[in-house]
Amino acid sequence: PTPEPTPVPTDSPTRKPTPAPTPSPTPDPTRKPTRAPTSKLILSGDFDAFSGCQVFTVQAKRDITVTGFDVVGYANGSTNGIVFTRPGTYYNKVKSYSDWKLVFNKPMSAKQYEHTEMGALDKFVPIGAGSKQSFYVCLKDGMVYEKGKKEYEVNEENDVLEVGTGVATTGPFKTSTGIAKFRGAIQYSVN
């Protein structure tokens, strides 16, 4: 049963009409942001050598897109940064230009022995969960690294990606000069 009606209204009536509905409804919120936030995996540690380029393999634990790199320069000043990439590992591909795709080639300013952002890649590099992608990162005036003991062993990792120990070269597609632990950072977004 309902309570007895009250003899007077609880709110006074108004002469203003109820607003009309909007002609188009507002969109529902999306589950994904329109632009994925960028994260960084910083590869820090000692450095005891320098090279023109460093080659290494990244394994994604989740779907990611690599958007840029930080490097640790060997010298201060203006230089040129270059990044190449290829799917899979770099095994038997260090000296083979045709097996790599150029994704960054720009002038930049490097800081000696400090992390320096190279800038956004010209072409972002998606990597599916469980997949490997190799990178060939170069600075015209050189960058530092830590000497490694074994190629492909884990250099640094987080819950999203793993970076393997790679090799150093004097320049793009030159002979390897030693095992190298990349020092810098990988910028990425989770897809």
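Residues numbered from 1 in each chain as written. Predicted model: local features only at pLDDT ≥ 70, side-chain atom pairs only at ≥ 80, totals over all residues. Heavy atoms only, no water.

J.: Hey, could you go over the pattern of salt bridges for me, with residue numbers and the actual values?
T.: The final tally for this structure, using the stated rule, is six salt bridges. One salt bridge in this structure joins Lys 106 and Asp 122, with 3.2 Å as the shortest N-O distance. Placement of the pair is Lys 106 in strand β5 (residues 101-110) and Asp 122 in strand β6 (residues 115-127), with a sequence separation of 16 residues. Here Lys 106 falls in the partly exposed class, since its relative accessible area comes to 31%. Since its relative accessible area comes to 45%, Asp 122 is described here as partly exposed. Connected through salt bridges with shared partners, the residues Lys 40, Asp 70 and Glu 117 form a single ionic network. (Salt bridge = Lys/Arg side-chain N within 4 Å of Asp/Glu carboxyl O. Helix = DSSP H or I, 4+ residues; strand = E, 2+ residues; numbered from the N terminus. Buried < 20%, exposed > 50% of the residue type's maximum accessible area, 1.4 Å probe, protein only.)

J.: Can you break down a nonpolar patch on the surface residue by residue, with the values?
T.: Together, Phe 47, Phe 50, Tyr 74 and Tyr 113 make up an exposed nonpolar region whose accessible area comes to about 390 Å². Among the residues examined, Phe 47 registers a relative accessible area of 36% and is labelled partly exposed. (Patch = residues over 30% accessible without salt bridge, like charges linked within 9 Å, V, L, I, M, F, W, Y side chains within 5 Å. Areas by Shrake-Rupley, 256 points an atom, 1.4 Å probe, with all protein chains shown as cover.)

J.: Account for the state of the cysteines, with residues named and values stated.
T.: Tallied over the full model, the rule gives one disulfide. Here Cys 53 is linked by a disulfide to Cys 138, with a sulfur-sulfur distance of 2.1 Å. What sets the handedness of the Cys 53 and Cys 138 disulfide is the S-S torsion sign, and at about 110° it is right-handed. Here Cys 138 lies in strand β7 (residues 132-147) and Cys 53 lies in strand β2 (residues 49-60), a separation of 85 residues in the sequence. (Disulfide = S-S within 2.5 Å.)

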